[in-house]
Amino acid sequence: MKSRSSLLRLLHLARHPLAFAALATSSLLFATPSTPSPHTLWYRTPGEASVTNGLPVGNGRLGALVAGTVATDRLAVCEQTVWSGGPYDFDNPAALAALTEARRLLFAGDYARAHSHISRNLVCKWDLTERRNFGSYQVLAFLDLAFDAHTAEATDYRRELDLATATVRVSYRLDDTIFTREIFASTPDQVLAVRLSADRPGALSLLAALSRPREPEAVADAKTITTRTDTPRLAAEGADGHSLRVRLNRNAEPDGLRLLARLRAVPSGGTVTATEAGLRIEKADSVILYVDGSTDFRGRDPEADTAARLAAALSKSFPRLQADQVADHRKLFDRVALDLGTSPASALPLPERLAAVKGGQPDPALAALYFQFGRYLLISSSRPGGLPANLQGLWVDNLRPPWQSDYHTNINVQMNYWLAQTTNLAECAEPLADFIDTLVEPGSRTARVHYDAPGWTVHTMTNVWGYTSPGSSASWGLFPMGGPWLAQHLFEHHDFSGSPDPAFLRRHWPALRGAAEFILGWLVEDPSTGKLVSGPSNSPENRFTTADGTTTSFCMGPSMDQQIADDFLGRFVAAAALVGQDADLAARAASARARLRAPGIGSDGRLMEWAEEFRENDPAHRHVSHLFALHPGRAITPDGTPELARAARLSLEGRGDGGTGWSLAWKVNFWARLHDGDRAHALLLNLFNPVSPRTTSMRHGGGSYPNLFCAHPPMQIDGNFGGAAGIAELLLQSHAQTAENTTVLDLLPALPSAWPTGSAKGLRARGGFLVDQEWRDGRLLRATVTSTTGRPCRIRYRHTTLDLTLAPSASRVFSPPAAP
Ligand code: FUC
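Residues numbered from 1 in each chain as written. Predicted model: local features only at pLDDT ≥ 70, side-chain atom pairs only at ≥ 80, totals over all residues. Heavy atoms only, no water.

Quick notes on the overall build of the protein
In terms of regular secondary structure, the protein is built from 22 helices and 34 strands. Over its C-alpha trace the protein gives a radius of gyration of 27 Å, about what one expects of a compact globule, namely 28 Å for 820 residues. When the backbone C-alpha atoms are referred to their principal axes, the protein occupies close to 90 × 75 × 50 Å. Within the protein, the proportion of its 820 residues that are buried is 61%. The contacts in the protein between residues at least 6 apart in sequence include a share of 66% that link residues at least 24 apart. Approximately 28,100 Å² of the protein is accessible, and the part contributed by carbon and sulfur atoms is 53%. Positive and negative side-chain charges in the protein, numbering 82 and 83 respectively, have mean positions lying 2 Å apart. (Helix = DSSP H or I, 4+ residues; strand = E, 2+ residues; numbered from the N terminus. Rg over C-alpha atoms; globule rule 2.2 N^0.38 Å. Buried < 20%, exposed > 50% of the residue type's maximum accessible area, 1.4 Å probe, protein only. Contact = heavy atoms within 4.5 Å. Areas by Shrake-Rupley, 256 points an atom, 1.4 Å probe, with all protein chains shown as cover. Lys, Arg positive; Asp, Glu negative; His and termini not counted. Charge placed at Lys NZ, Arg CZ, Asp CG, Glu CD.)

Details of the sheet that holds strand 33 (residues 800-805)
Pairing within the open sheet is mixed, and its four strands lie in the order 27-28-32-33. Two strands close off the open sheet at either side, each with one partner strand: strand 27 (732-733) and strand 33. Two strands pair when backbone bridges link them, and strand 32 (residues 792-797) and strand 33 are joined in this way by six bridges, in the antiparallel orientation. Paired with Cys793 across the bridge in strand 33 is Leu804. (Pairing = 2+ DSSP bridges.)

Some words on empty space enclosed by the protein
Left-over empty space is what a probe sized like a water molecule reveals as it rolls over the atoms. Applying the stated criterion across every chain, the model contains four cavities of 30 Å³ or more. Each pocket or cavity is described by its volume, and for the largest cavity that value is around 240 Å³. For the lining of the largest cavity, the secondary-structure elements that each account for two or more residues are helix 11 (418-422), helix 12 (430-451) and helix 14 (482-497). For the lining of the largest cavity, the leading source of residues is helix 14, giving six residues. Class assignment of the residues belonging to the lining of the largest cavity gives a composition of 10 nonpolar, six polar and four charged. By volume, the second largest cavity amounts to about 40 Å³. What lines the second largest cavity is simply Gly58, Ala166, Ala185, Thr187, Pro188, Gln325, Asp328, His329, Ser380 and Arg383. Among the elements that make up the lining of the second largest cavity, the one with the highest residue count is helix 7 (residues 318-333) (three residues). Among the residues forming the lining of the second largest cavity, the class breakdown is three nonpolar, five polar and two charged. (1 Å grid on protein atoms, 1.4 Å probe; cavity = no way out; pocket = protein on both sides within 12 Å on 5 of 7 lines; lining within 4 Å. Points joined across faces, edges and corners; volume = space filled by probe spheres on them. Nonpolar A, V, L, I, M, F, W, Y, C, P; charged D, E, K, R; others polar.)

Details of unusual backbone geometry
Backbone torsion omega between His631 and Pro632 reads 10 degrees, so that peptide bond is classified as cis. Its place among the elements puts Pro632 in the loop between strand 24 (615-616) and helix 19 (642-655). The peptide bond linking Pro713 to Pro714 adopts the cis configuration, its omega dihedral lying at 0 degrees. Looking at the element boundaries, Pro714 is found in the loop between strand 26 (710-711) and helix 22 (718-731). Here Trp403, not a glycine, exhibits a phi torsion of approximately 50 degrees, which is positive. Mapped onto the secondary structure, Trp403 falls in the loop between helix 9 (364-381) and strand 18 (407-408). If you check the backbone angles, Asp582 has positive phi at about 55 degrees while not being a glycine. On the secondary structure map, Asp582 appears in the loop between helix 17 (559-579) and helix 18 (583-594). On the basis of relative accessible area, Asp582 is assigned to the partly exposed category, the value being 24%.

Notes on the pattern of salt bridges
Enumeration according to the criterion identifies 54 salt bridges in this entry. Two residues, Arg309 and Asp292, come together in a salt bridge whose shortest N-O distance is 2.7 Å. In this pair, Arg309 is assigned in helix 6 (residues 302-314) and Asp292 in strand 16 (residues 286-295), connecting sequence segments 17 residues apart. Owing to a relative accessible area of 0%, Asp292 belongs among the buried residues under this scheme. Residues joined by salt bridges that share partners form a network here, namely Arg158, Glu160, Asp162, Arg169, Glu182 and Arg195. (Salt bridge = Lys/Arg side-chain N within 4 Å of Asp/Glu carboxyl O.)

Considerations on helix 12
If you check helix 12, its first and last C-alpha atoms are 30 Å apart, about what 22 residues at 1.5 Å a residue would give, namely 32 Å. Bending of helix 12 peaks at approximately 40 degrees at the position of Glu441, with proline Pro442 no more than four residues after it. A positive backbone phi angle near 50 degrees is found at Asp452, which sits one or two residues after helix 12. (Expected span 1.5 Å × (residues − 1). Bend = angle between axes of the 7 residues up to and from the residue.)

Looking at the environment of Ala166
Structurally, the position occupied by Ala166 is in the loop between strand 6 (155-162) and strand 7 (167-174). When the C-alpha atoms of Ala166 and Ala203 are compared, they prove to be 27 Å apart, with 37 residues separating the residues in sequence. Residue contacts for Ala166: discarding those within four places in its chain leaves Val57, Ile183, Phe184, Gln325, His329 and Tyr376.

Remarks on the packing of aromatic side chains
Under the defined criterion, the tally for this structure stands at 34 aromatic pairs. Ring centres of Tyr88 and Phe90 lie 4.9 Å apart, and the angle between their planes is 70 degrees; on these two criteria the pair is classed as edge-to-face. The partly exposed category is assigned to Tyr88, whose relative accessible area is 26%. For Phe90, a relative accessible area of 2% corresponds to the buried category. Measuring from centroid to centroid gives 5.5 Å for Trp485 and Phe628, while their planes differ by 90 degrees, and the two rings are edge-to-face. Separated by 143 residues along the polypeptide, Trp485 in helix 14 and Phe628 in the loop between strand 24 and helix 19 bring together distant segments of the chain. Taking the relative accessible area as the measure of exposure, Trp485 reaches 0% and is therefore buried. (Phe/Tyr/Trp six-rings, centres within 6.5 Å; stacked < 30°, edge-to-face > 60°.)

Some remarks on helix 22
Relative to the 20 Å expected for 14 residues at 1.5 Å per residue, helix 22 spans 20 Å between its end C-alpha atoms, a close match to the ideal helical length. Counted residue by residue, helix 22 has 14 buried out of 14 residues, so it is predominantly covered.

Looking at the environment of Leu161
Among the structural elements, Leu161 can be located in strand 6. The class of Leu161 is buried, set by a relative accessible area of 0%. Linking Leu161 and Arg812, residues 651 residues apart in sequence, is a C-alpha distance of 37 Å. The contact partners of Leu161, leaving out residues within four places of it in the chain, are His39, Thr40, Leu41, Leu55, Pro56, Thr167, Val168, Phe373 and Tyr376.

Here's the deal with the side chain of Gln414
Examined against the element boundaries, Gln414 turns out to sit in helix 10 (residues 412-416). Residue Gln414 is classed as buried on the basis of its relative accessible area, which comes to 0%. If near-sequence neighbours (up to four positions away) are discounted, Gln414 is found in contact with His408, Thr409, Gly482, Trp485, Leu486 and His489.

A few points about the packing of helix 12 against helix 16 (residues 509-522)
The geometry of a pair of packed helices is captured by two quantities: the angle between their axes and the separation between those axes. Taken N-terminus to C-terminus, the directions of helix 12 and helix 16 make an angle of 20 degrees; their axes are 10 Å apart at the nearest point. Accordingly, the angle class assigned to the pair helix 12 and helix 16 is roughly parallel. Judged by the twist between their axes, the crossing of helix 12 over helix 16 is left-handed. Facing helix 12, whose interface residues are Ile436, Asp437, Val440, Ala447 and Tyr451, helix 16 presents Ala511, Phe518 and Trp522. For the contact of helix 12 with helix 16, a count of residues per class yields seven nonpolar, no polar and one charged. (Axes fitted to C-alpha atoms, helices over the stretch in contact; angles between N-to-C directions. Parallel < 35°, antiparallel > 145°, perpendicular 65-115°, else oblique. Left-handed = near helix turned anticlockwise from the far one by under 90°.)

As for the site of the ligand
Within the structure, the ligand sits among Leu391, Trp403, His408, Asn410, Asn412, Glu541, Arg622, His623, Trp662, His712 and Gln716. Contacts to the ligand include Asn412, whose side-chain N or O atom sits 3.1 Å from an oxygen atom. At 2.7 Å from an oxygen atom of the ligand is found a side-chain nitrogen or oxygen belonging to Arg622. For the ligand, whose unbound accessible area comes to 290 Å², protein coverage reaches 98%. (Near = heavy atom within 4 Å. Polar contact = N/O pair within 3.5 Å; in protein donor to acceptor, adjacent residues only side chain to side chain.)

Remarks on the sheet that holds strand 24
The three strands are arranged 23-22-24 in an open sheet whose pairing can be described as antiparallel. Looking at strand neighbours, the two that pair on one side only are strand 23 (551-552) and strand 24, the edges of this open sheet.

Dropping the structure here:
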């Protein structure tokens, strides 16, 4: 009986060539629990359309979090320009007059007065109007699916995200019908596609509708950024379309963006009727839902754009649309393959896997999955021409995400991009480079208004409207080195390319020149030492207590600022010579760099976070800012500066192995740079610590939500990216140079003993190199180094080195001598 009905179903599918082809490429290949794919996050139970539970898909611009619930399903659909607020001048013209006094008080050691003076004066303008205008990234709309006749208990439920095809699949059985859902976001066609099918003819009847929460009235709450949106307008469009329109934060000054979301349905074997309440699909065999949305951000035309994209997508066959999407994704995703070994735990659904690892079971494949998930998320949230990945990447589930889901620049957005170069996704870093360029103009105004300084900078946070001022509270918001730190990524982009042609640097030269000008205008001479220091500033976002009992974070010359200045100016001097511009500025940069106060080593042997040995208020503070020079900087290395490396190690010991998600991820990178793979691995396990989807307080400590998104808590994507970057850093490093400035490729510099046998293919190193490695019993077997541009390099594995210059595109296999 069973086999007869299965046969009938196959025949039924065969009647619909499109459906059959789609099924052949997907559902039939649906991995079963006994044959888990190393690239799959899978579940036996439904999730929620939330950032802690939904499965993410995205095309860099448009994405969704998929719940996968049975009778009703919800997708939180996101589009990266959906920002409330608007362009606004937050700079505080009163700040400049307070600058000299702030520096005088700090140099005189009068921290008590400095604290209240700086807190009062060196902040942006920030009242209700300002809060509204900063705005927030918001969900575009929900796509709600309400299925008829879904009353029986579902069996054989399975939900999965396949990272290799960038597709979410949901399947379940109701009585004797198997229902399947497939969801992906197409980059080539710029739409979200949802394919619903049943293996019994005519079994699909549902209402598919767009909706959006309405923001409550603005409240005069000192902490909350509030805006007010109109009630969304829903409409039927043609025979098979449904739309949602709303203006974001009307009543703010000026009116906010116009938002439009559109849905179209193409049923197979049934009917569709468009109503204001949504699209009614009756008795279909399968149906494909297409969603697009946009705003009028930077002059986009949401009406015309979405209409054109949907029309083009609908004119394509679904198998073609899907094949193009998979091919586009694989072009990026397949560049790197990582095999760290497997274990029985690898076959479990993700929540059980996380619990098993917490219980001490080995699961090296989970680290490989985390690594590929990080790459998947960057591919899905950051594509050329778009905005960079924000605090939650692309994915939000409401109108008021934590920290506005903005761009924080005292660690977070930088961490988002650490993996881009090393894991072979350089083009995904372009949105950040373009975004940096957009900060030059507003950041120049901020530099001038607040500090009378040339060039540009950005402080602790920014948004798509060009916010560059210090924050509303100086204790976290006065971080003037955000600009130069961001600009470090431009140098990295060039370095990784290995290109002899500095075209990329030239393109972004105004940003680089401006950051150099800012540093030179901002640094002041410490009257007691004659050294140049940054300040007033703080060491994000740590506080200390002085001898007279004052607790503050404000100081002159915090180690992080000094290290960023050192890193930036050094790179700028080299880059200026390369592009053949600004020789005078470069000469000034070189002499200022030589006069920078270098961070010292304290009496306890630790690298000092501040210029003096203050008592830290929170010795385990999540930020580890003073180790910038170890990572992402490169001035501290175990071989080049062993004393500083030892001091950095002691500082890390002092901080401990806890912290928020991104803090754990950063520590993985630090320990990797210190060549301590096992300690890094311990931190990685902490990053896998299962966190309940309801937990939003950072007091619980970091870890992973059931959808593998990083828990700060709340959800923040930086830890996903930073963790993936850390795994790459354990396997290959290229920041060290020989005395002749030749790139050193450090093979397996920090291999954890938990990954004794494995391989990593396609990792990228500075100087334009691709590296494949295989190892067994904890030792490198062989590495294949491919040069893309023909620069020299030194290969280093433990105590063996090999200097070589390969022709462009040439490879060399390196096998280290057998162990003695
Ligand atoms: C920084 C961190 C916080 C949080 C916020 C978004 O300010 O100190 O922990 O990650 O960014």
